[in-house]
Amino acid sequence: MRTILLNVLMLILFTCSCSRGAASASSTDTATVSSDSIVSNKPAKATLYFVGDAMQHQAQLDQAKSLGNGVDYDYSECFGLISPIVKNADYAIVNLEVPLGGGKGGYTGFPCFSAPDAFAEALKDAGFDLFLTANNHTLDRRDYGLRRTLTVLDSLKVDRIGTYANNADRMQKVPFIKDINGIKVAFLNYTYGTNGISARDGAEVSLIDRDAMAREIAASRRNGAELVVVCVHWGEEYKLRENASQRNLAQFLLEQGTDMIIGGHPHVIQPMKMVDNPSTGKKSLIVYSLGNFISNMKTGDTRGGASVTCTIERDEQGVARLTDASYDTFYACKPTGKNDNFKVIPASMADCIPASQTGWWNTFNNAAHRIFSQYNKGVSCTSAAH
């Protein structure tokens, strides 16, 4: 009997030991899986490249259709000169300020935009990785255009933020955190409004809402973001200086721990500033407006735009930070003949601007550098010419 009891006791002890071992192995496996979301402490470095509003006015649509033999839309010339600069960055971001309407209702320019898919394809081919879609024209083709734009961008396998097919899409996409050369960067995108058109049938646009912004910035940090970028469609059109509302919102975003604030919408450039951010103990960047990337706008200050290149690094102590920001300018050149197209010409290639348009380039560029020289803080020009 004693032998039997002893054997039973040993069996029980062996079973408990195995159970504890299995539980321990399970905990280790879970920790290993969770460690994928833990930020690496290894030094790393990357560059981010931002431009402003990519637009399609009627003259641009007409020219692209003409070059496509009246059937297709040809944008092959538009970004050829600036593409090497875009592709030189580790991650490039553009504001897509047109819905891709698929021809429903026709392709149209201002005031209700709709562009062919070929325009987005050309931007992707130029090297852009992330498309911002929260802007005042995102509902110009109503919910159908919003959703179709997202479908096309997904089919192109580019990243996109700012508008969402429904709440489930937003919950899946936000926070959007991108691993760029080993540094985890969150991107968020908001707009002041949608020209009075409301989303219906569950489609969602990220509107400027301080409570939502604070929640999504905090969620980005909780989900492992080392740096947070907030791209905002804001400000007053055609004004070369930011207004009090922009400054106030920028201060709020800094207090939430935002590292980079990149603005668009005014269709002209506005100042850029590197500032000390007490909430993070690091430098933060505010870009009030990058102006137009490509458009058919006609006034001097709208004929070009600026890019900003941000260098981000993780140091030996494992802290990721923005270490440098620089800008450059470019010109949105108009066609000079029926076989020519609109094209973006970087400042470093200004000799490619047709003689008939150098006056416009000088008007834009001189005003831009005057504003930047007077009001920029800690953000210098990339081009040696300036």
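Up top is the structure these notes are about.
Below or above, wherever it landed, is the structure these notes cover.

So, on to the overall build of the chain. Summing up its helical and strand segments, the chain has nine helices and 17 strands in all. Looking at the chain residue by residue over its 386 residues, the buried ones come to 53%. Of the contacts formed within the chain by residues at least 6 apart in sequence, a portion of 75% connects residues at least 24 apart. Working note: accessible area of the chain is about 17000 Å², and carbon and sulfur atoms make up 52% of it.

Take the environment of M272 next. Its location among the elements puts M272 in strand 11 (residues 269-277). Accessibility expressed as a relative area gives 0% for M272, which makes it buried. On a C-alpha basis, the gap between M272 and I371 in space is 9.7 Å, while along the polypeptide they are 99 residues apart.

A word on the side chain of N135. Secondary-structure assignment places N135 in the loop between strand 3 (130-132) and helix 5 (142-155). A residue is classified by how much of its surface remains accessible, and N135, at 0% relative accessible area, is buried. Separated by 3.4 Å, the side chains of N135 and N95 make a polar contact. Beyond its immediate sequence surroundings of up to four residues, N135 is in contact with N95, L96, E97, T191, G193, T194 and H233.

A few words now on the nonpolar core. Within the largest apolar cluster, 68 residues are counted, with the highest numbers of intra-cluster contacts made by L48, F50, F187, L285 and V308. In contact with L48, other than residues within four places in its own chain, are Y91, I180, F187, V229, M260, V308, T309, C310 and I312. Listed in part, the 38 residues of the second largest apolar core include Y73, A126, F128 and V344.

Bringing helix 5 into the picture now. Under the 1.5 Å per step criterion, the end-to-end length of helix 5 is 20 Å for 14 residues, consistent within 8% with the ideal 20 Å. By the burial criterion, the buried members of helix 5 are D143, G145, L146, T149, L150, V152 and L153. Immediately downstream of helix 5, the backbone of K157 shows phi near 60 degrees, a positive value.

Inspection of every chain in the model, using the stated rule, returns 16 salt bridges. Across the pair D154 and R160 runs a salt bridge, and its minimum N-O distance is 3.0 Å. Classification of D154 by relative accessible area gives partly exposed; the value is 36%. In this structure, D259 engages R221 in a salt bridge whose closest nitrogen and oxygen atoms are separated by 2.8 Å. Residue D259 is found in the loop between helix 8 (244-255) and strand 10 (260-264), and its partner R221 is found in helix 7 (residues 210-222); the two are separated by 38 residues along the sequence. You can call D259 buried: its relative accessible area is 0%. When salt bridges with common partners are traced through the structure, they connect D154, R160, D169 and K173 into a single cluster.

The next point concerns unusual backbone geometry. Here F110 and P111 are connected by a cis peptide whose omega angle stands at 10 degrees. Structurally, P111 can be placed in the loop between strand 2 (91-96) and helix 4 (117-126). Of the consecutive residues V174 and P175, the connecting peptide bond is found in the cis state with omega at 0 degrees. Here P175 shows up in the loop between helix 6 (167-173) and strand 6 (176-180). Within the chain, R142 stands out as a residue other than glycine whose phi angle is a positive 55 degrees. In this fold, R142 is placed in helix 5. With a relative accessible area of 46%, R142 lands in the partly exposed category. Residue H267 is not a glycine yet carries a positive backbone phi of 70 degrees. Here H267 shows up in the loop between strand 10 and strand 11.

The next point concerns helix 2 (residues 58-67). Looking only at helix 2, the buried set comprises Q60, L61, Q63, A64 and L67. Buried residues along helix 2 cover an arc of 165 degrees about the axis, so they all sit on one side. Against the buried residues of helix 2 lie strand 13 (292-294). Positive phi shows up at N69, right after helix 2, with a value of about 65 degrees.

What counts, and where the lines are drawn
Residues numbered from 1 in each chain as written. Predicted model: local features only at pLDDT ≥ 70, side-chain atom pairs only at ≥ 80, totals over all residues. Heavy atoms only, no water. Helix = DSSP H or I, 4+ residues; strand = E, 2+ residues; numbered from the N terminus. Buried < 20%, exposed > 50% of the residue type's maximum accessible area, 1.4 Å probe, protein only. Contact = heavy atoms within 4.5 Å. Areas by Shrake-Rupley, 256 points an atom, 1.4 Å probe, with all protein chains shown as cover. Polar contact = N/O pair within 3.5 Å; in protein donor to acceptor, adjacent residues only side chain to side chain. Core = buried A, V, L, I, M, F, W, Y, C linked by side-chain atoms within 4.5 Å. Expected span 1.5 Å × (residues − 1). Salt bridge = Lys/Arg side-chain N within 4 Å of Asp/Glu carboxyl O. Arc of directions from axis to C-beta.

What is shown is where atoms sit, not what they do.
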